[in-house]
Structures are given as structure tokens and as C-alpha cells.
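Working through the structure, step by step
Okay, here's what each chain looks like letter by letter:
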Amino acid sequence: MTAEQYCLRSRARRTASRWRPTDFFQELFNYCFLVDFKIELRRKLQRCYRNDMSVCEYIYELNEMWNLLGETD
């Protein structure tokens with residue numbers, strides 16, 4: 001059984017009215033990104049330094065990574 005078949009059989013069987021937006025976006029994220037994507041993103045966030053970036057650029061980078069990780073992580 002392929003991953004796509006598994007996903008369709010186990011998760012997509014739920015009717016659209018049962019899918020909460022948070023569940024939908026979490027499953028979409030899991031489908032689109034590698035398993036260790038969040039782990040690598042956390043490491044990148046920990047190693048993120050301002051260096052030669054302006055303050056605005058630095059804050060932008062931090063916000064982008066933080067938004068991808070989500071508030072619950």
C-alpha cells in the first residue's frame with residue numbers, strides 16, 4: 001500500500017464537515033514536508049544570528065521560522 005492510498009483510506013474517509021481546520025492544515029503540512037522538517041527548522045532557529053542582517057531582516061527570518069513551527073510546538 002502506498003502512502004497516498006493509506007492516507008486516503010484512513011484519514012480522508014472522514015467527511016469534510018468533520019475536519020477541523022487545524023487537523024486539515026496539520027495533515028497537509030505532514031504530507032508536504034519531510035518527517036524531520038520541524039526538527040531541522042528548530043536547529044536552524046537555534047543557530048539563527050543577526051550577523052550582517054538589518055534588525056528588520058533578522059526579525060523577519062525569526063518570524064518566518066517561528067510561524068512554520070507553530071505555537072503548540
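Report follows, based on the coordinates.

Thresholds, definitions, all that
- Residues numbered from 1 in each chain as written.
- Predicted model: local features only at pLDDT ≥ 70, side-chain atom pairs only at ≥ 80, totals over all residues.
- Heavy atoms only, no water.
- Helix = DSSP H or I, 4+ residues; strand = E, 2+ residues; numbered from the N terminus.
- Buried < 20%, exposed > 50% of the residue type's maximum accessible area, 1.4 Å probe, protein only.
- Axes fitted to C-alpha atoms, helices over the stretch in contact; angles between N-to-C directions.
- Parallel < 35°, antiparallel > 145°, perpendicular 65-115°, else oblique.
- Left-handed = near helix turned anticlockwise from the far one by under 90°.
- Contact = heavy atoms within 4.5 Å.
- Core = buried A, V, L, I, M, F, W, Y, C linked by side-chain atoms within 4.5 Å.
- Salt bridge = Lys/Arg side-chain N within 4 Å of Asp/Glu carboxyl O.
- Phe/Tyr/Trp six-rings, centres within 6.5 Å; stacked < 30°, edge-to-face > 60°.
- Lys NZ or Arg CZ within 6 Å of the ring centre and 35° of its normal.

**Concerning unusual backbone geometry**
- A positive phi angle, close to 45 degrees, is found at asparagine 51, a residue other than glycine.
- You can see asparagine 51 is positioned in the loop between helix 3 (37-46) and helix 4 (55-69).
- The exposed category is assigned to asparagine 51, whose relative accessible area is 66%.

**Concerning the packing of helix 3 against helix 4**
- Closest axis-to-axis distance for the helix 3/helix 4 pair is 10 Å, and the angle between their directions is 150 degrees. Taken together, the axes of helix 3 and helix 4 lie roughly antiparallel to each other. Considering the relative orientation of helix 3 and helix 4, their crossing is left-handed. Contacts between helix 3 and helix 4 involve Phe37, Lys38, Leu41, Arg42, Lys44 and Leu45 from the former and Leu62, Met65, Trp66, Leu68 and Leu69 from the latter.

**Comments concerning the nonpolar core**
- Leu41, Leu45, Cys48, Met65 and Leu69 together form the largest nonpolar core, which totals 5 residues.
- For this core, the secondary-structure elements that each account for two or more residues are helix 3 and helix 4.
- Here cysteine 48 is in contact with Tyr58, Leu62 and Met65, once residues within four sequence places are set aside.

**Notes on the pattern of salt bridges**
- Considering all chains together, one arrives at 2 salt bridges under this definition.
- Put simply, aspartate 23 and arginine 20 hold a salt bridge, and the shortest N to O gap is 3.1 Å.
- A salt bridge links arginine 43 to glutamate 40; the shortest N-O distance between them is 2.7 Å. One end of the pair, arginine 43, and the other, glutamate 40, are both in helix 3, 3 residues apart, so they sit about a helical turn from each other.
- What makes arginine 43 partly exposed here is its relative accessible area of 40%.

**Details of the packing of aromatic side chains**
- Taken as a whole, this structure holds 4 aromatic pairs when the rule is applied.
- On the numbers, 4.6 Å between centres and 40 degrees between planes, the contact of phenylalanine 29 with phenylalanine 33 is tilted.
- The class of phenylalanine 33 is partly exposed, set by a relative accessible area of 34%.
- On the numbers, 4.4 Å between centres and 25 degrees between planes, the contact of phenylalanine 33 with phenylalanine 37 is stacked.
- Its relative accessible area of 22% is what places phenylalanine 37 among the partly exposed residues.
- Among the aromatic residues, those joined into a ring-pair cluster are Phe29, Phe33 and Phe37.
- Its end group placed over the ring of phenylalanine 29, lysine 38 keeps NZ or CZ at 5.0 Å from the ring centre.

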